[in-house]
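So the chains spell out like this:
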Amino acid sequence: MKCILASAHGEDIDSLLSMCDNYPVPTRKKGQVLIKVSACALAPGDVRVLAGHIFIQDPPGGFPYIPGGDISGQVVEADSNSRFKPGDPVVALFKLPRPLNGLAEFIAVEESLVELASTNIPIVESSTLTSSALTAMMAANKYCCKGNRVLVLGGSGGVGCFLIQLLKARGASFIATTSTRRDLMLSLGADVVINYKDENWFESSELRNNKQFDLIIEPAVGYDAWRKAMQFRLLKTSAGKFVALTADDALVEAHNWWQLSTVFIPMQWRELWTKVLPSTPQYIWHNGLNVQSGDLANVTKLVEDGTMKIVLDRVSPLAFTEKGVKEGFIIMKRRSAHGKVV
């Protein structure tokens, strides 16, 4: 089968990724579903694994490995008692802690990570309805209440485009966001859009002259966003919540357990002390994709009923060629995507 192979860890995408034309088709194990891949949606984790920034995300089989993890496609083979049958359109989520094996013609995935895709949604677009859409749905459902004033830092990224729509559906009374794509953000439901290239979001008169926020969700910036939100008093003092979807440093590196502890302990401590001090906005680290049965199906329903639409980056879908995949990785590394890169 055709697949993309990563030869080593590093930053030079052009030299690390290559197309292989005769890689063995994976052998399906009991409890797995063999899928013919139609599309693979990229995410920051794909670049992080390639760079080798987090040691627990290293590919367990070493090099070369097949990158990518969020896919859509058609079932080729499943267990006799499976709820899936050959030909079923499906989406599949990667197995934590790392995305692997998605940029290939075939992939074997644990059945618990697979869900039927809607025939009303183009199969290529369905590949986006996994990690990013799930993260957005979980964050909106867990933290946003009707009538909340919400600020999303990085609204036009893969998570942000879904998040803005879901916050509006949850009944947020006012949504502000940072983005260079004003028209896109307004079309998704934002009320105010701050172009972070023209001004500092935390000094924007449109934010500081309005009421404080009930909720700030941060999918892209890191610790500096929390620091600025506190410094400029953008959150309500006692009831405000700051939800971090990333680590303090979005480009964090940890090559052993000690380094990993220095990344996460400060965030956990911050979450603890802000929780026990009633006069301080609460910091919340939204840790990972705790996917429950039915979550993938619920995300699909949100698109089918019109609550949420899929936004692809302008260059997507890219061709499944060495050039196309490299272009997608470069966009993700530059953090310049507006919508999902597929």
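Up top you'll find the structure we're talking about.
Residues numbered from 1 in each chain as written. Predicted model: local features only at pLDDT ≥ 70, side-chain atom pairs only at ≥ 80, totals over all residues. Heavy atoms only, no water.

Moving residue by residue along a regular strand, the side chains alternate between the two faces of the sheet. Of the two faces of strand S8 (residues 149-152), the one carrying Arg149 and Leu151 and the one carrying Val150 and Val152 are both buried. Relative to strand S9 (residues 174-178), S8 is paired through 4 bridges, and the arrangement is parallel. Bridged to valine 152 within S9 is threonine 177. For the crossover that starts at S8, traverses helix H5 (residues 158-169) and ends in the parallel S9, the hand is right-handed. Pairing analysis gives 3 bridges linking S8 to strand S11 (residues 215-218), with the strands arranged parallel. Looking at S11, one finds that valine 150 is bridged to leucine 215. (Buried < 20%, exposed > 50% of the residue type's maximum accessible area, 1.4 Å probe, protein only. Helix = DSSP H or I, 4+ residues; strand = E, 2+ residues; numbered from the N terminus. Pairing = 2+ DSSP bridges. Right-handed = clockwise from strand over helix to strand, strands pointing away.)

A word on the sheet that holds strand S6 (residues 106-110). Strand order in the open sheet made by the 5 strands is S6-S3-S4-S5-S7, with antiparallel pairing throughout. If you trace the sheet from one side to the other, it starts and ends with S6 and strand S7 (114-116), each paired once. Along the sheet, successive strands turn relative to each other by an average axial angle of 45°, direction set aside. In this sheet, strand S5 (residues 89-92) lies alongside strand S4 (residues 70-77) in antiparallel orientation, the contact comprising 4 bridges. If you follow isoleucine 71 over to S5, its bridge partner there is alanine 92. (Axes fitted to C-alpha atoms, helices over the stretch in contact; angles between N-to-C directions.)

Our focus in this paragraph is a nonpolar patch on the surface. Together, Trp269, Leu272, Val276 and Leu277 give the surface a local cluster of nonpolar side chains, amounting to about 420 Å² of exposed area. Inspection of the secondary structure puts tryptophan 269 in helix H9 (residues 257-276). Look at tryptophan 269 and you get exposed, because its relative accessible area is 53%. (Patch = residues over 30% accessible without salt bridge, like charges linked within 9 Å, V, L, I, M, F, W, Y side chains within 5 Å. Areas by Shrake-Rupley, 256 points an atom, 1.4 Å probe, with all protein chains shown as cover. Salt bridge = Lys/Arg side-chain N within 4 Å of Asp/Glu carboxyl O.)

For side chains of opposite charge, pairing can occur when their charged atoms come near one another. Applying the stated criterion to the full structure yields 12 salt bridges. Close ionic contact of arginine 83 with glutamate 115 constitutes a salt bridge, the shortest N to O distance being 3.4 Å. Note that arginine 83 is positioned in the loop between S4 and S5 and glutamate 115 in strand S7, a separation of 32 residues in sequence. When its relative accessible area of 47% is taken as the criterion, arginine 83 is described as partly exposed. The partner of lysine 326 in a salt bridge is glutamate 322, and the shortest N-O contact between them spans 2.8 Å. With a gap of 4 residues between them, lysine 326 and glutamate 322 both fall in helix H11 (residues 322-334), about one helical turn apart.

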